[in-house]
Amino acid sequence: MTITDVRVRKVAKEGKMKAIVSITLDDEFVVHDIKVIEGEKGLFIAMPSRKAADGEYRDIAHPINSETRERIQQIILDEYEKAAAEESEEE
C-alpha cells in the first residue's frame, strides 16, 4: 500500500483541530476526514469516526496495525508541516 496523494485543508478557527486531511491509496482508494489534532504531546491524527448509538465515537476506517498507523501519521504530519510553512511564507 502506497499513499499516492495527501490533501490538507487547514482549519481556520482556533482550537485543537488544526486540519482535515484526505489521503489516496495506490491511486485507487480515498480516505476523507482524517483530523490533525494538537495534543499535549504534539500533533497526532484521528481517523474518520462517527457517533454510535451508545454515544461513543468509533473509527469508520483505520489501520489494522500500529506500524501502518505510524507510517500514515508521519506522511500526513509531514504534509501538514509543509502546508503550514507555505502559509507562513505567504503572510
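Not measured: the values here are computed from a predicted model.

**Student:** Honestly, the sheet that holds strand 1 (residues 3-10) in this entry has me stumped. Any pointers?
**Tutor:** Strand pairing in a sheet is mediated by backbone hydrogen bonds. Such pairs are either parallel or antiparallel. Read from one edge of the open sheet, four strands run 1-2-3-4, paired in antiparallel fashion. The two strands at the open ends of the sheet, each matched to only one other strand, are strand 1 and strand 4 (42-46). In this sheet, neighbouring strand axes are inclined to one another by 25 degrees on average, regardless of whether the strands run parallel or antiparallel. The sheet contact formed by strand 2 (residues 17-25) and strand 3 (residues 29-39) spans seven bridges and is antiparallel. Counted as the bridge partner of Thr 24 is Val 30 from strand 3.

**Student:** Is there a simple way to think about the side chain of Thr 68 in this case?
**Tutor:** Along the polypeptide, Thr 68 turns up in helix 1 (residues 66-90). Non-local contacts of Thr 68, meaning those with residues more than four positions away in its chain, are made with Met 1 and Pro 63.

**Student:** Whenever I open this one, the pairing of strand 4 confuses me. Can you help?
**Tutor:** Two faces, one strand: in a regular strand the side chains alternate between the faces of the sheet. Pairing geometry for strand 3 and strand 4, over five bridges, is antiparallel. What sits directly across from Gly 39, in strand 4, is Gly 42. In sequence, strand 3 turns back onto strand 4 through a hairpin of two residues.

Rules and cut-offs
- Residues numbered from 1 in each chain as written.
- Predicted model: local features only at pLDDT ≥ 70, side-chain atom pairs only at ≥ 80, totals over all residues.
- Heavy atoms only, no water.
- Pairing = 2+ DSSP bridges.
- Helix = DSSP H or I, 4+ residues; strand = E, 2+ residues; numbered from the N terminus.
- Axes fitted to C-alpha atoms, helices over the stretch in contact; angles between N-to-C directions.
- Contact = heavy atoms within 4.5 Å.

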